[in-house]
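For reference, the chains in residue letters:
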Amino acid sequence: PGCRPLTVGAGFRVAVEQGWAIININAGSGTLHPELAKLSKEAWEKGLIVIAAKDNRPDVIGYPAALGNVLAVDMEHFEDPLALRFDPTAEVEVEANGIYVDAPLAGGGRKFFTGSSFAAPHVAAIAARLKECNPALNPETFREILAILNHPAPARDH
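None of the values given here were measured: they were computed from a predicted structure. (Residues numbered from 1 in each chain as written. Predicted model: local features only at pLDDT ≥ 70, side-chain atom pairs only at ≥ 80, totals over all residues. Heavy atoms only, no water.)

Asker: Mind showing me how you'd approach the pairing of strand E5 (residues 94-97) here?
Answerer: Side chains on a regular strand alternate between the two faces of the sheet. Bridge count for strand E3 (residues 71-76) against E5 is 4 bridges, and the pairing is parallel. Following the sheet pairing, Met75 is matched in E5 by Ala96. Taken together, the 3 bridges between strand E4 (residues 84-86) and E5 define a ladder with antiparallel strand orientation. When the bridges of E5 are listed, Leu84 appears paired with Ala96. (Pairing = 2+ DSSP bridges. Helix = DSSP H or I, 4+ residues; strand = E, 2+ residues; numbered from the N terminus.)

Pasting the structure below:
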């Protein structure tokens, strides 16, 4: 399960070195490699927004999603694909639409997919739309905006 930390790190390194404003990582590892921690810190210092999908196993967050300078995203079902839940105090700060996501297949056709790797791009898309309107958008401000966009969890019957 998951990818090798050095494989994730290689792509992450290119994105940070090239200064990509929004970095979406849909792979991870259960092992923290020092390179991932170093890159997440460097990205934060450069003002780059790093979004990473949580591991799909319920008891594992994975890296780089578990790093403090990375916005971790888990899957949830929302009718509106841009709806989300944001809780800055949670280990996984964001829940976004990642259950039965209609997506194209290589070679044509479509299929429904489920997973945090389908939720994280929704958050990256929100970041991209906001960055287009405000090129100075940074990770701290993006988190503040997510708090405003937060879609509260429905009340549960007890």
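Asker: How should the environment of Thr7 be read in this particular structure?
Answerer: Position of Thr7 relative to the elements: it lies in helix H1 (residues 5-17). In this structure the C-alpha to C-alpha distance between Thr7 and Ala27, which are 20 residues apart in sequence, comes to 9.3 Å.

Asker: Looking at this structure, how should I read the sheet that holds strand E2 (residues 49-53)?
Answerer: Hydrogen bonds between backbone atoms are what pair the strands of a sheet, whose relative direction is either parallel or antiparallel. Strands sit in the order E1-E2-E3-E5-E4 across an open sheet of 5 strands; the sheet is mixed. Where the open sheet ends on each side, the last strands, each with one partner, are strand E1 (22-25) and E4. Taken over all neighbouring pairs, the strand axes of this sheet differ in orientation by 25° on average, direction set aside. Along the sheet, helix H3 (residues 116-133) contacts E1, E2, E3, E4 and E5; its crossing angle with E3, the most-contacted strand, is approximately 125°. (Axes fitted to C-alpha atoms, helices over the stretch in contact; angles between N-to-C directions. Contact = heavy atoms within 4.5 Å.)

Asker: Mind showing me how you'd approach the packing of H3 against helix H4 (residues 139-149) here?
Answerer: Any two packed helices are characterised by the angle at which their axes cross and by the distance between the axes. Following both chains from N to C, one finds H3 and H4 inclined at 110°, their axes separated by 11 Å at the closest point. Taken together, the axes of H3 and H4 are roughly perpendicular relative to one another. In the crossing of H3 with H4, the sense of the turn from one axis to the other is right-handed. Contacts between H3 and H4 involve Val123, Ile126, Ala127 and Leu130 from the former and Phe142, Ile145 and Leu149 from the latter. Looking at side-chain class alone, the contact of H3 with H4 contains 7 nonpolar, no polar and no charged residues. (Parallel < 35°, antiparallel > 145°, perpendicular 65-115°, else oblique. Left-handed = near helix turned anticlockwise from the far one by under 90°. Nonpolar A, V, L, I, M, F, W, Y, C, P; charged D, E, K, R; others polar.)

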